[in-house]
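Each chain, written out:
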Amino acid sequence: QVQLVESGGGLVHPGGSLTLSCVASGSSFSISVMGWYRQAPGKKRELVASITSGISTNYADSVKGRSTISRDSAGNTLYLQMHSLKPDDTATYYCHARVGRVNFWGQGTQVTVSS
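Note that this is a predicted model, so its numbers are computed, not measured.

Q: Is there a simple way to think about the sheet that holds strand 8 (residues 77-82) in this case?
A: Sheet strands line up and pair through hydrogen bonds in the backbone, either parallel or antiparallel. In space, the four strands of this open sheet follow the order 1-3-8-7, with antiparallel pairing throughout. Across the chains shown, the open sheet's two edge strands, defined by having one partner strand only, are strand 1 (2-7) and strand 7 (67-71). Strand-to-strand twist of the sheet, defined as the mean angle between neighbouring strand axes without regard to direction, takes the value 15°. The sheet contact formed by strand 1 and strand 3 (residues 18-26) spans six bridges and is antiparallel.

Structure, rendered in structure tokens:
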């Protein structure tokens, strides 16, 4: 079992920046992939960015160039730095981890981009 707890969401003005964090506990040593997903009202959950245990990264086109995903050296904390935020980035952001074929999710943190 893996538990994921996100933090760092909030209200941001357009053009602003924020960093989301996700702390993994439990069997975090067996995580192969971690990532951030987001879901806006009335829309499907979508991948924002992911990172493997080998630090290979992948980004959605919508955030590429203005977001950075990273993990700490212990692999227990996941970060997402986002810059030049737009109203379209408004969503609930979920931390994700995969262990084998099992997916784990955090409860989500709300990000609202508005003036």
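Q: So what exactly am I meant to see when it comes to the pattern of salt bridges here?
A: Close approach of charged atoms allows side chains with opposite charge to pair. The tally for this structure, following the rule as stated, stands at four salt bridges. Between Asp61 and Lys64 there is a salt bridge; the shortest N-O distance is 3.2 Å. No difference in accessibility class separates Asp61 from Lys64, as the two residues are exposed. For Arg66, the salt bridge is made with Asp89, and the minimal N-O distance between the two is 2.9 Å.

Q: What am I meant to see in the environment of Ile55 here?
A: Here Ile55 is to be found in the loop between strand 5 (46-52) and strand 6 (57-59). Through-space distance from the C-alpha of Ile55 to that of Val33 is 9.1 Å; in sequence the pair is 22 residues apart.

Q: Whenever I open this one, the environment of Ser53 confuses me. Can you help?
A: For Ser53, the position within the fold is in the loop between strand 5 and strand 6. Judged by relative accessible area, Ser53 falls into the exposed class, the value being 56%. Each C-alpha atom, one on Ser53 and one on Arg71, is 8.8 Å from the other, the two residues being 18 residues apart in sequence. If we skip the residues at most four places from it in the chain, Ser53 touches Ile31, Ser32 and Arg71.

Definitions and limits used
Residues numbered from 1 in each chain as written. Predicted model: local features only at pLDDT ≥ 70, side-chain atom pairs only at ≥ 80, totals over all residues. Heavy atoms only, no water. Pairing = 2+ DSSP bridges. Helix = DSSP H or I, 4+ residues; strand = E, 2+ residues; numbered from the N terminus. Axes fitted to C-alpha atoms, helices over the stretch in contact; angles between N-to-C directions. Salt bridge = Lys/Arg side-chain N within 4 Å of Asp/Glu carboxyl O. Buried < 20%, exposed > 50% of the residue type's maximum accessible area, 1.4 Å probe, protein only. Contact = heavy atoms within 4.5 Å.

Remember that the coordinates give geometry; whether it matters functionally is a separate question.
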